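# Descriptive structure summary
Listed below are the residues making up each chain.
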Amino acid sequence: MAKQVVTRTYIASIRNQKQVSDDLDSLGFSASKLWNVGRWVCDRVWSEIGHIPGHNELTTYLKSHERYDDLHSQSSQRVLQELAEAFNGWYGKRRNGDTRANPPKYRKFDDDHPRSTVTFKSAGFKLDTKYERLRLSKGSNLKDYWSDFILCEYQTRPDVDLSAVEGIQQVRAVWTGDEWELHFVCKVEIEVAEAPGEKTVGVDLGINNFAALAYENGHSELYPLNCLKQDDYYFSKQIARCDDSDSNQSTWLNQKKSARRTHYFHTLSKHIVQRCVEEGVGTIVVGDLSGIREDEENGESKNWSKHGNLDLHSWAFDRFTSMLEYKAEVEGITVEQVSERDTSKSCSCCGRKRKANRVERGLYVCDSCSVVANADVNGAENIRQKVSPSLACDGGDRSNGWLAQPSVYLFDSKSGCFTPREQVTS
Ligand SMILES: [Zn+2]
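Residues numbered from 1 in each chain as written. Predicted model: local features only at pLDDT ≥ 70, side-chain atom pairs only at ≥ 80, totals over all residues. Heavy atoms only, no water.

## Focus on the nonpolar core
Core analysis: the largest hydrophobic core is formed by 47 residues, its most contacted members being Tyr-10, Leu-24, Leu-134, Leu-136, Leu-162, Leu-182 and Phe-184. Top contributing element to this core by residue count: helix α1 (residues 17–49), with 10 residues. Ignoring any residue separated from it by four or fewer positions in sequence, one finds Leu-136 in contact with Leu-24, Phe-120, Gly-124, Phe-125, Phe-149, Ile-150, Cys-152, Val-171 and Leu-182. Grouped together as the second largest cluster of nonpolar side chains are 32 residues, Leu-225, Leu-268, Val-286 and Tyr-409 included. (Core = buried A, V, L, I, M, F, W, Y, C linked by side-chain atoms within 4.5 Å. Buried < 20%, exposed > 50% of the residue type's maximum accessible area, 1.4 Å probe, protein only. Helix = DSSP H or I, 4+ residues; strand = E, 2+ residues; numbered from the N terminus. Contact = heavy atoms within 4.5 Å.)

Take a look at the structure:
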């Protein structure tokens, strides 16, 4: 065991959601507007002098802009910093030869601005852990009458005690797609175990199987979304029956639905880390889903939500990945994120890549080496190979079809655990 200082994000729900959501909405819309103004400035400067301004330049240009005063100055600064980071991410992808990468997009859905995350740094929030209240500063433009701040009553998970946390660095207000929640970003000291081994596992996150795992020795596992789909279907029907979408009952149903999802993500990430300890895994390789996020900004998230009645925002994947990181860290396991580029198109056995691969009933079929693999496991194995090379084809211990027979783990709502398919009782 060794001590280590790490960054932790504690998530809290807002108990007076109804009272503060309009105020938070206007901050979220303002953050999107400022992002768009910044984005437009980048276009203008680029077309005049062939240079895209960095964070400091953008702040200098826009400090006196009307939109800058919609948010607390530190919050506005953070929006422009995120924009500059998004441009840097794009340059990086271009340098690595990713010709399909697009520059950061404007945040717009038709005529509406989406609710962007709003970040509050030390001067922009005041925390009262005794009464579990959080005061968030608005910008001077949005202060009407005496109400120059938003007062949230927050609730953390029972095992989280913010009064025991010293260095809270920032607070983020995040729109989950259903409601606003608060993220407290803190520095904390934790006990870290020795890594259980040096092996690697690849994790492919998706919407049919929420996670597909490919271990170094060829073993693979699938975690289908069955129970979340049933849950979603059940709650959507119940919510549709409510006369008024603002009613207490539908609010309660929405909260219950999101609590059950969070529980599912916690249980799954815990289970995966436990499996990694058993298998001697030291590195978990996860596909970076920023591609999906870009599509979402483009308004294409609708295509995602059509899949199997489930509206999983990219936010859900981010949240799951960070849960996995925290839980892995304590066990001495590192989580590496790699680009998902070509991981679904390439054959993980021979490396052959085709434009239109054959995926039939969830199986990946390679014309070149005639391997037949579960498509998600093939993706997971490609993700794993980005960090650690394959032993599959020259090792000889993997007969054809090995990827096609993964173990399937289902969430058993009776026991609240993930169990192999044969043993599920409900
Ligand atoms: Zn092949």
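## Structural notes on helix α9 (residues 375–385)
Burial analysis of α9 places 9 of its 11 residues in the buried class, which makes it a mostly covered element. Restricting attention to buried positions, one finds in α9 the residues Ala-375, Val-377, Asn-378, Gly-379, Ala-380, Glu-381, Asn-382, Ile-383 and Arg-384. Regarding α9, its N-cap is Asn-374, as a side-chain oxygen of that residue lies 2.9 Å from the backbone nitrogen of Asp-376 further along. (Polar contact = N/O pair within 3.5 Å; in protein donor to acceptor, adjacent residues only side chain to side chain.)

## Concerning the pairing of strand β10 (residues 220–224)
In terms of burial, β10 is a largely internal element, 5 of the 5 residues being buried. With burial as the criterion, each face of β10 is covered, one bearing Ser-220, Leu-222 and Pro-224 and the other bearing Glu-221 and Tyr-223. For strand β9 (residues 209–215) and β10, the ladder comprises 5 bridges, and the chain directions are antiparallel. Note that in β10 the partner of Ala-212 across the bridge is Leu-222. The pairing of β10 with strand β16 (residues 407–412) spans 2 bridges and is classified as parallel. (Pairing = 2+ DSSP bridges.)

## A word on the pattern of salt bridges
One pass over the full model with this rule turns up 18 salt bridges. With its nearest N and O atoms 3.1 Å apart, the salt bridge here joins Arg-39 to Asp-43. Here Arg-39 and its partner Asp-43 are both found in helix α1, 4 residues apart, which amounts to about one turn of the helix. Assessed through its relative accessible area of 7%, Arg-39 is described here as buried. Salt bridges linked by common partners bring Glu-221, Arg-275, Glu-278 and Glu-279 together as one network. (Salt bridge = Lys/Arg side-chain N within 4 Å of Asp/Glu carboxyl O.)

## Remarks on the coordination of the zinc ion
Each protein donor to the zinc ion is listed here as Cys-347 (SG), Cys-350 (SG), Cys-366 (SG) and Cys-369 (SG); together their distances run 2.3 Å. Geometry at the zinc ion is tetrahedral, judged from the 4 donor atoms that bind it and their angles of 107 to 113 degrees at the metal. On the basis of relative accessibility, which here comes to 2%, the residue Cys-366 falls in the buried class. (Donors = N, O, S within 2.8 Å, 3.2 Å for Na, K, Ca; no water. Tetrahedral: all angles 85-135°; square planar, octahedral: opposite > 155°, others 65-115°.)

## Some remarks on the environment of Asn-209
With respect to the helices, strands and loops of the structure, Asn-209 is situated in strand β9. C-alpha of Asn-209 to C-alpha of Leu-225: the two residues are 16 residues apart in sequence and 5.6 Å apart in space. Among the polar contacts made by the side chain of Asn-209, one reaches the side chain of Asp-376 at a distance of 2.8 Å.

## Digging into the sheet that holds β16
Each strand in a sheet pairs with another by means of backbone hydrogen bonds, the pair being arranged parallel or else antiparallel. Across the sheet, which stays open at both edges, the 7 strands sit in the order β12-β11-β8-β9-β10-β16-β17 with mixed pairing between neighbours. Of all strands in the sheet, those with a lone pairing partner are β12 (334–339) and β17 (417–420), marking the two edges. Averaged over neighbouring strand pairs, the angle between their axes works out to 25 degrees when direction is ignored. α9 rests against β8 (199–205), β9, β10, β11 (281–288) and β12 of the sheet, and its axis sits at about 55 degrees to β9. (Axes fitted to C-alpha atoms, helices over the stretch in contact; angles between N-to-C directions.)

Geometric descriptors of this kind do not, in isolation, establish any biological role.
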